[in-house]
Amino acid sequence: MADKPHASGRVKPGDVTTTVGREVLEARGIDVEMLREKLVDAIGAEFTTYYYYSILRMWLAGNEDYKEICEDARLEDRAHFELVLPRVYELGGQIPRDIRDFADRASCPDAYLPDPPTTAAILEVLLEAERCAIRTWSEICDITHGKDPRTYDMASRILQEEIEHEAWFVELLSKERDGVIRPSGHFRRGNPGDAPHSKNNPFYNP
Ligand SMILES: [Fe+2]
Ligand SMILES: [Fe+2]
């Protein structure tokens, strides 16, 4: 009989109290509980940012181009929440029963509408929210790189979109606030909510 080294392992046959998917992460030195709680915090930020960007977008009235770019970033944050939510449960975690707890533990600050809600002030809030997201998903990439390909793949897809979002808002804020052109490379996303990396849609490449 051929040797089948993966036919059994530390998880006993029929054991439903854990998963091999989790056990292999522990074997590679990942603190699974720490990781999944960081994922809850990170998608908490995606969820709250989706909410706050809804308000910020409304106040960009008159700047239809800015509004559209804000909308792309807003819907992509919802896609980021959706992408990682199942991973939290796969790793034995859950999101808080009370949405207030979820918002409180979000890994990024509330992206409140500035007072006064000038276009430049709104763009600055958007920019700093993207920067927090880049720091958050970079940390998840670092923790999972070479150890947890599934979470790493999700985090790196999200990170790519967050890096694009930062570049978009650098371009817009620089023009709006300082009158300085700093091209981001952005043209158009496609349809609102396309989220090319996190939803596996084609990205703009004519
Ligand atoms: Fe996001
Ligand atoms: Fe973003």
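Going by the structure above, here's the rest.
Residues numbered from 1 in each chain as written. Chains lettered and ligands numbered in written order. Predicted model: local features only at pLDDT ≥ 70, side-chain atom pairs only at ≥ 80, totals over all residues.

Chemist: For this particular structure, what's the right way to read the overall build of the protein chain?
Modeler: If you tally the helices and strands in the protein chain, you get six helices and zero strands. Along the protein chain, helices (α) and strands (β) appear in the sequence α-α-α-α-α-α when read from the amino end. If you line up the protein chain on its principal axes, its C-alpha atoms span 70 × 45 × 25 Å. The buried share of the protein chain, taken over its 206 residues, is 33%. Sequence-distant contacts in the protein chain: of pairs separated by 6 or more residues, those separated by 24 or more amount to 68%. (Helix = DSSP H or I, 4+ residues; strand = E, 2+ residues; numbered from the N terminus. Buried ≥ 20, exposed ≤ 12 C-beta atoms within 10 Å, placed from the backbone. Contact = placed C-beta atoms within 7 Å.)

Chemist: Explain the nonpolar core here, please?
Modeler: Soluble globular proteins tend to pack their nonpolar side chains together in the buried interior. In this structure, Leu56, Cys70 and Leu126 are the most contacted members of the largest nonpolar core, which totals 40 residues. At the level of elements, α2 (32-58), α3 (64-90), α5 (119-144) and α6 (149-178) are the ones that each hand at least two residues to this core. The element best represented in this core is α2, accounting for 10 residues. (Core = buried A, V, L, I, M, F, W, Y, C linked by C-beta atoms within 7 Å.)

Chemist: Help me out: how do you make sense of the packing of α2 against α3 in this one?
Modeler: Relative orientation and spacing of two packed helices are given, respectively, by the angle between their axes and the distance between those axes. Contact geometry of α2 with α3 gives a least axis separation of 8 Å together with a crossing angle of 155°. One finds that α2 runs roughly antiparallel with respect to α3. Viewed along their axes, α2 and α3 form a crossing whose handedness is left-handed. (Axes fitted to C-alpha atoms, helices over the stretch in contact; angles between N-to-C directions. Parallel < 35°, antiparallel > 145°, perpendicular 65-115°, else oblique. Left-handed = near helix turned anticlockwise from the far one by under 90°.)

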